[in-house]
Amino acid sequence: MNPKEKKYIVVKNYILKCIEEGIYKPEEKIPTEDEIMKTLGFSRSPVRHGVMQLEQENYIYKIHGSGSFVKQTAANDPVNIYALLYPNAKGIEKDFIFGMRQAVNDSSFKDLHLIFRKPGKNTSELIKILQSLDTSKKGGIIVVPLTEPKRSVNRLLAANFRKLDKGNFHVVQLDRFVPEYEGSCVMSDHYSGAYLMVQYLINKGHKRIAVVSEHPENSSIKQRLQGVKACLNDHRLHLPETYQFQYAIDEISSHGTAIVNKLLKEDVTAVFCFESEIALGIYKVFNEKKITVPLDISLCSFDDHSFTGIYEGFITAVVQPLEDLGYFSVDLILRELEKPSHKPLKMILEPAIVERQSVAQI
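A brief look at the structure comes next. (Residues numbered from 1 in each chain as written. Predicted model: local features only at pLDDT ≥ 70, side-chain atom pairs only at ≥ 80, totals over all residues. Heavy atoms only, no water.)

**Points about helix 6 (residues 151-164)**
So, step 1. Helix length check: helix 6 (14 residues) gives 20 Å between terminal C-alpha atoms against 20 Å at 1.5 Å per residue, within 8%.
So, step 2. Buried residues of helix 6: Val153, Asn154, Leu157, Ala158, Asn160, Phe161 and Leu164, and no others. Seen end-on, helix 6 carries its buried residues on one side only, within an arc spanning 160°. Projecting away from the buried face of helix 6 at angles above 90 degrees are the exposed residues Arg151 and Lys163.
So, step 3. Where the residues of helix 6 are buried, they touch helix 5 (123-132), strand 5 (138-143) and strand 6 (169-174). (Helix = DSSP H or I, 4+ residues; strand = E, 2+ residues; numbered from the N terminus. Expected span 1.5 Å × (residues − 1). Buried < 20%, exposed > 50% of the residue type's maximum accessible area, 1.4 Å probe, protein only. Arc of directions from axis to C-beta. Contact = heavy atoms within 4.5 Å.)

Quick look at the structure:
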């Protein structure tokens, strides 16, 4: 026994091991508290605490006057997994969902339900939706968090995550995370992806590189910006304020001309857009102004899920393993249900650069 391990944890793990090895089978009675005390040499308090933990986590159930019994295997219990992705439909969702459904198909759980819910338009609406979900069954929530500049709102969101993430219900953050919440997450290495793209541009001879991004409070956007600055710094370059543009995706159509005019005025040679929707909007403005990509200016993107038709296969992009991200977000919840670790599980997947025709050598 680990001398630092609490005795009730030893009791719990001992009974769990017996269940996993088939010594105590489903619907069979486990030993009494007195029998466990005698076997392990513990007092009644840690034995009772360990048994109560197993009951709370639905491994066993009690019948008054008869004792404690092993529940049917977790694979036969109903499981609800809610997915709250983006407030507005995005091309990225379909790949997430494909991966999630593949994880459901691969699972040994017999009664597993994947339920999609819209997360609302802001953090406050997301919190209300979280509070309305039925968490009485085993399962969890996969959520793309909506964060705001106000830390107090984000702390409230984190508090709701903590309230939900216990026992047989778990929270997994997808694509980004709430800094105030130390919980499980599945995401791409946004820092590394952005670093690699800037390295690629520098290798192509570009030194005056501008970035166009969405909201800075988004953790993935922050990490991408950190990756850009780190790579430039490693090459003794920097990112001036005049090379940084921050607009919501739906603002690009109205501000695109102003952005492009500033890029030309600053003599920028390459533009790195942090969302494919933004890259597509900027590309359209370049076309309208008769600016040729990549002869006049190079263009690249983080993600490529918005490129369809004539743009497909043209814009160089950092491509995330979206289906894998969706798959492992479900897998983390099922893994916790099968064998609880009671620790946050973090999975960071590597994106890749897909080289196309939109970046020139200079």
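**Examining the pairing of strand 13 (residues 346-349)**
So, step 1. Residue alternation in strand 13 divides its side chains into a buried set, Met347 and Leu349, and an unburied set, Lys346 and Ile348.
So, step 2. Direction of pairing for strand 7 (residues 184-188) relative to strand 13: parallel, over a ladder of four bridges. Its bridge partner lying in strand 13, Ser188 is registered against Leu349. (Pairing = 2+ DSSP bridges.)

**Some thoughts on the sheet that holds strand 4 (residues 111-117)**
So, step 1. Reading across from one edge, 4-3-5-6-7-13 is the order of the six strands in this open sheet, with parallel pairing throughout. Each edge of the open sheet carries a strand with a single partner, namely strand 4 and strand 13. The average undirected angle you get between the axes of adjacent strands in this sheet is 15°.
So, step 2. Two elements, strand 5 and strand 6, share five bridges in a ladder whose sense is parallel. Its bridge partner lying in strand 6, Ile142 is registered against Val172.
So, step 3. Its contacts with the sheet place helix 6 against strand 5 and strand 6, and it is angled at close to 140° to strand 6. (Axes fitted to C-alpha atoms, helices over the stretch in contact; angles between N-to-C directions.)

**Observations concerning the side chain of Arg224**
So, step 1. Within the element layout of this structure, Arg224 appears in helix 8 (residues 219-234).
So, step 2. Apart from residues no more than four positions distant in its own chain, Arg224 is found in contact with His190, Ala194, Phe274, Phe302, Asp303 and Gln320.

**A look at unusual backbone geometry**
So, step 1. Here the amide bond leading from Val293 into Pro294 is cis, since omega sits at 5°, within 30 degrees of zero.
So, step 2. Along the polypeptide, Pro294 turns up in the loop between helix 10 (276-288) and strand 11 (298-302).
So, step 3. Of note, the phi angle at Arg236 is positive, near 60°, even though the residue is not glycine.
So, step 4. The topology assignment puts Arg236 in the loop between helix 8 and strand 9 (244-246).
So, step 5. Judged by its relative accessible area of 81%, Arg236 falls in the exposed class.
So, step 6. Its identity is not glycine, yet Asp267 carries a phi of approximately 60°, on the positive side.

**Points about the pattern of salt bridges**
So, step 1. On inspection of all chains with the given rule, the structure shows 11 salt bridges.
So, step 2. In this structure, the salt-bridge partner of Lys17 is Glu21, at a minimum N-O distance of 2.6 Å.
So, step 3. Here Lys17 falls in the partly exposed class, since its relative accessible area comes to 47%.
So, step 4. Among the residues examined, Glu21 registers a relative accessible area of 48% and is labelled partly exposed.
So, step 5. Here Arg356 makes a salt bridge to Asp304, at a shortest N to O gap of 2.8 Å. Taken together, the positions of Arg356 in the segment after strand 14 (352-354) and Asp304 in the loop between strand 11 and strand 12 (316-319) put the pair 52 residues apart, joining distant regions of the chain. (Salt bridge = Lys/Arg side-chain N within 4 Å of Asp/Glu carboxyl O.)

**Concerning the packing of helix 4 (residues 91-106) against helix 11 (residues 322-338)**
So, step 1. At a minimum axis separation of 7 Å, helix 4 and helix 11 run at an interaxial angle of 45°. Considered as vectors, helix 4 and helix 11 are oriented oblique to each other. For helix 4 against helix 11, the interelement crossing comes out right-handed. Packed against helix 4, whose contacting residues are Ile92, Asp95, Phe96, Phe98, Gly99, Met100, Gln102, Ala103, Val104 and Asp106, the element helix 11 presents Leu322, Glu323, Leu325, Gly326, Tyr327, Ser329 and Val330 at the interface.
So, step 2. When grouped by side-chain class, the residues that make up the contact of helix 4 with helix 11 number 10 nonpolar, four polar and three charged. (Parallel < 35°, antiparallel > 145°, perpendicular 65-115°, else oblique. Left-handed = near helix turned anticlockwise from the far one by under 90°. Nonpolar A, V, L, I, M, F, W, Y, C, P; charged D, E, K, R; others polar.)

**Observations regarding the sheet that holds strand 11**
So, step 1. Overall, mixed pairing links the six strands, which are arranged 9-8-10-11-12-14 in an open sheet. Where the open sheet ends on each side, the last strands, each with one partner, are strand 9 and strand 14. Within this sheet the neighbouring strands show an average axis-to-axis angle of 20°, counted without direction.
So, step 2. Pairing analysis gives three bridges linking strand 11 to strand 12, with the strands arranged parallel. If you follow Cys300 over to strand 12, its bridge partner there is Thr316.
So, step 3. Contacting strand 8 (209-213), strand 9, strand 10 (270-273) and strand 11, helix 8 runs over the sheet at an angle of about 175° to strand 8.

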